[in-house]
Amino acid sequence: MDDLAVYAGLFAVAFAAATILPMQSEAALAGLLLTESFPAALLVLVASAGNVLGSAANWLIGRGVERFRTRKWFPASPEMLDRATKWYHRYGRWSLLLSWMPVVGDPLTVVAGILREPLWSFAVIVAVAKVARYLVVAAITLSWI
């Protein structure tokens, strides 16, 4: 049961980190990797799944943003959305490869929903970006590179 709690906790932190909440999923992953108590591949998989699904939640928010854009609790300021929209218009769906980045990544995933990016392409591109980031974190943490 303890293992399940660890994986669920990592999933939850990674999910929350993909939203506007100030969470450090990389630190959680690195800490668990350093314990050497869990398979690295499984930790990367769980963190990636949580982070991609968290980004999908942003995409869903983007689909209904016009109703909530002016609310205080909305996860992105108008300035952040405008900046992300400009990036998205300039680089198209491939800008989602930057979804792993702090500050810029979360609003990009909201903008993808606003601009009606198909969920299948959104999920594939975001998954590539998120998995790559966690693989790099794992490689650095475990001194593979």
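Owing to the predicted nature of the structure, the values given are computational and were not obtained by experimental measurement.

**Q** Go over the confidence of the model for the chain with me, naming the residues and quoting the values.
**A** Averaged over every residue, the pLDDT of the chain is 90; the share at 70 or more is 97%. For the chain, helix H4 (residues 65-68) is the element with the lowest average pLDDT, namely 75, and helix H7 (residues 119-141) is the one with the highest, namely 97.

**Q** Would you mind going over the pattern of salt bridges in detail, with residue names and values included?
**A** Overall, the coordinates contain two salt bridges when judged by the stated rule. A salt bridge links Arg133 to Glu26; its shortest N-O distance comes to 3.4 Å. One end of the pair, Arg133, is in helix H7; the other, Glu26, is in helix H2 (residues 25-35), with 107 residues separating them in the sequence. Arg133 gets classed as buried once you look at its relative accessible area, which sits at 12%. The class of Glu26 is partly exposed, set by a relative accessible area of 23%. Here Arg93 and Glu117 are joined by a salt bridge, their closest N and O atoms 2.7 Å apart. Here Arg93 is found in the loop between helix H5 (78-91) and helix H6 (105-114), whereas its partner Glu117 is found in the loop between H6 and H7, with 24 residues between them in sequence. Overall, the relative accessible area of 32% leaves Arg93 in the partly exposed class. With a relative accessible area of 6%, Glu117 lands in the buried category.

**Q** So what about H5? Which residues, and what values?
**A** In a regular helix each residue adds 1.5 Å, so 14 residues correspond to 20 Å; H5 covers 20 Å between its end C-alpha atoms and thus fits that length. If you check which residues of H5 are buried, you get Met80, Leu81, Ala84 and Tyr88. Axial view of H5: buried residues confined to an arc of 95°, hence all on one face. Opposite the buried face of H5, at more than 90 degrees from it, the exposed residues are Glu79, Lys86, His89 and Arg90. Phi for Gly92, located one or two positions after H5, is positive at around 65°.

Analysis parameters
- Residues numbered from 1 in each chain as written.
- Predicted model: local features only at pLDDT ≥ 70, side-chain atom pairs only at ≥ 80, totals over all residues.
- Heavy atoms only, no water.
- pLDDT = per-residue confidence, 0-100.
- Helix = DSSP H or I, 4+ residues; strand = E, 2+ residues; numbered from the N terminus.
- Salt bridge = Lys/Arg side-chain N within 4 Å of Asp/Glu carboxyl O.
- Buried < 20%, exposed > 50% of the residue type's maximum accessible area, 1.4 Å probe, protein only.
- Expected span 1.5 Å × (residues − 1).
- Arc of directions from axis to C-beta.

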